[in-house]
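# Results of the structural survey
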Amino acid sequence: MTRHRCSLACVLSRRALLAGVPLWAVAGCALIPPASAPTPIAAPDPSVPGHAALYELATAAKTALDAPLTAPQAELVTWVRSVLDDQFPAVSLATAAPAPSATPTSLPPASEPLGMLGQALSSAATSFTAQALDRSTARPLVWASMAAWSVATGADLPTAQARREPARGVRLPAPQEPAEAIRDAVSAAHAARYGLEVAAGAPGLTEEEQRSLRARLDAWSGLAEALSAGLATATTSPAPAPPWYDVERPADATAGRALAARVQAAALPILGRTIAHGPAEVRPALITALGDAAADVPRWGGLLERWPGLPAT
């Protein structure tokens, strides 16, 4: 299998604060600041698309938790709120004020608050993506990761069945030359494509599962082609795709599903690093791919990640 370097060292920037993402000078360069971090911004900045969306998302989550939910739904919404507790300091915003609790006599049906939360997640994904694509944003990967998380969480909301990642420390990816970052992303896309092709051949998978895997296989192929085209216009060649990868043929459907989750999860931090350090023109395709992969991993039994694309501490 192609080996990808994925250092966990932080990127130190000369810009201390831009577009709501601060530079935290803390031990270990953790992205999530400690309690002793500088006072965050108290209100959203209208010029920063992601600020208002984050407040609206927090309000929708708190409103949903006040509604009559099933146990799996309540667990998911509680997890959403815990992720938001990390997202606010990561973009230097004060935590949103609690939403008003509904009275016992006027509790809305569970479908209504969850529908509101789903809409807020969809809106947040759009706004967070816009922030990641804004060339004035100092930390585009932070917003891109939040956008991918919104997409993946929204996809799981109707069933609330995905396994969810517990709290973890995160760092920004190590610096990388733009052309090298794209080559790594191309290689990661080829590796994911090959792994999904192997997974689709697992005995016992349903026809629907095989179709779903092949659709994802095609999506990874399209990403590799799009990124390779970008490399060609930059007068450099993409790294050739190796003819084989170090993946075992799954013996049954369970192993096939696990392989589908694993190969796509492995690509997430590589896509994230390319978002952070690759050319700005490839970010739209990469952010879309990051969200699609983050949503597909839990469908096959992998984790619904808190920070897709960001390496752990």
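Residues numbered from 1 in each chain as written. Predicted model: local features only at pLDDT ≥ 70, side-chain atom pairs only at ≥ 80, totals over all residues. Heavy atoms only, no water.

### Observations concerning helix α8 (residues 283–299)
Here is the rule: Strands are runs of DSSP state E lasting at least two residues, helices are runs of H or I lasting at least four, and both sets are numbered from the N terminus onward. Multiplying 1.5 Å by the residue count of a helix minus one yields the expected span of that helix. Relative accessibility under 20% of the residue-type maximum defines a buried residue, over 50% an exposed one, and the middle range a partly exposed one, all with a 1.4 Å probe and only protein chains included.
Taking 1.5 Å of rise per residue, 17 residues should cover 24 Å, and α8 covers 25 Å from first to last C-alpha, within 8% of that figure. Regarding α8, the residues found buried are R283, L286, I287, A289, L290, G291, A293, A294, A295, D296, V297 and P298. Just past α8, the residue G301 takes up positive phi, approximately 105°.

### Let's talk about the confidence of the model for the protein chain
Detailed reading of the predicted coordinates is not advisable wherever pLDDT falls low. Rule in force here: On a range of 0 to 100, pLDDT expresses the predictor's confidence in each residue. Contact criterion: two residues are considered in contact whenever any of their non-hydrogen atoms come within 4.5 Å of each other.
Predicted confidence across the protein chain gives a mean pLDDT of 82, with 76% of residues reaching 70 or more. Low pLDDT (under 50) marks residues 99–108, which in the prediction has 15 contacts with non-local residues, meaning those over four places away or in another chain.

### Points about the packing of aromatic side chains
Aromatic rings considered in pairs are described by the distance between their centres and by the relative angle of their planes. The condition that has to hold: We call Phe, Tyr and Trp rings a pair once their centres come within 6.5 Å, taking the six-membered ring for Trp, and we label the pair stacked below 30 degrees between planes, edge-to-face above 60, and tilted otherwise.
Following the criterion strictly, the structure yields three aromatic pairs and no others. Both rings, one in W79 and one in W149, keep their centres 6.2 Å apart while their planes meet at 45°; by these two values the pair is tilted. Of this pair, W79 sits in helix α2 (residues 71–90) while W149 sits in helix α4 (residues 140–156); the two residues are 70 residues apart in sequence, bridging distant segments of the chain. Accessibility expressed as a relative area gives 8% for W79, which makes it buried. Ring centres of F128 and W143 lie 5.6 Å apart, and the angle between their planes is 50°; this geometry places the pair in the tilted category. Of the two residues, F128 is situated in helix α3 (residues 111–133) and W143 in helix α4; the sequence distance between them amounts to 15 residues.

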